[in-house]
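Read off the chains here:
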Amino acid sequence: MRGQRRSVASLLAETLARRRDAAPAALAAALAEACGPQLARQVSCRGLTRDGLVLVVATGEDWAQQVRDLAPQLCQKLNERLGRQAALGLDVRVGAKRP
């Protein structure tokens, strides 16, 4: 909407959520939006596990713990943004972030 400031992650998540063929990208954009800019720079979404968990890789243990602590709120925001029950939980690991 005109005059309403929105993040790129928010616009991407909203647009991609409507397309089934863009589900991985929609999930990644929704996670970035749910995390906020600072945390989103430290984590990446690697997709869904067979158990319906969102695989999140953090750049360090402190960031991973922050994601674990926020997991219920992040899953709620993800599901609201995607308009469906996409995230049953988070599987948080420490590793290198993808570019």
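Note: the structure precedes this text.
Here goes a summary of the coordinates provided.

Definitions and limits used
Residues numbered from 1 in each chain as written. Predicted model: local features only at pLDDT ≥ 70, side-chain atom pairs only at ≥ 80, totals over all residues. Heavy atoms only, no water. Salt bridge = Lys/Arg side-chain N within 4 Å of Asp/Glu carboxyl O. Helix = DSSP H or I, 4+ residues; strand = E, 2+ residues; numbered from the N terminus. Buried < 20%, exposed > 50% of the residue type's maximum accessible area, 1.4 Å probe, protein only. Expected span 1.5 Å × (residues − 1).

### As for the pattern of salt bridges
Part 1 of the argument: Going through the model one piece at a time under the given rule, you end up with three salt bridges.
Part 2 of the argument: A salt bridge links Glu-33 to Arg-81, with the nearest nitrogen and oxygen atoms 2.8 Å apart. Separated by 48 residues along the polypeptide, Glu-33 in helix α2 (residues 23-35) and Arg-81 in helix α4 (residues 61-82) bring together distant segments of the chain.
Part 3 of the argument: A relative accessible area of 24% places Arg-81 in the partly exposed class.
Part 4 of the argument: One salt bridge connects Glu-61 with Arg-68, and the closest N-O pair in it is separated by 2.8 Å.
Part 5 of the argument: A relative accessible area of 32% places Arg-68 in the partly exposed class.

### Points about α2
Part 1 of the argument: Counted at 1.5 Å a residue, the expected span for α2 with its 13 residues is 18 Å, and the 18 Å between its end C-alpha atoms agrees.
Part 2 of the argument: When we look at burial in α2, the residues that qualify are Ala-26, Leu-27, Ala-29, Ala-30, Leu-31, Ala-34 and Cys-35.
Part 3 of the argument: After α2 finishes, the residue Gly-36 shows a positive phi value of roughly 90°.

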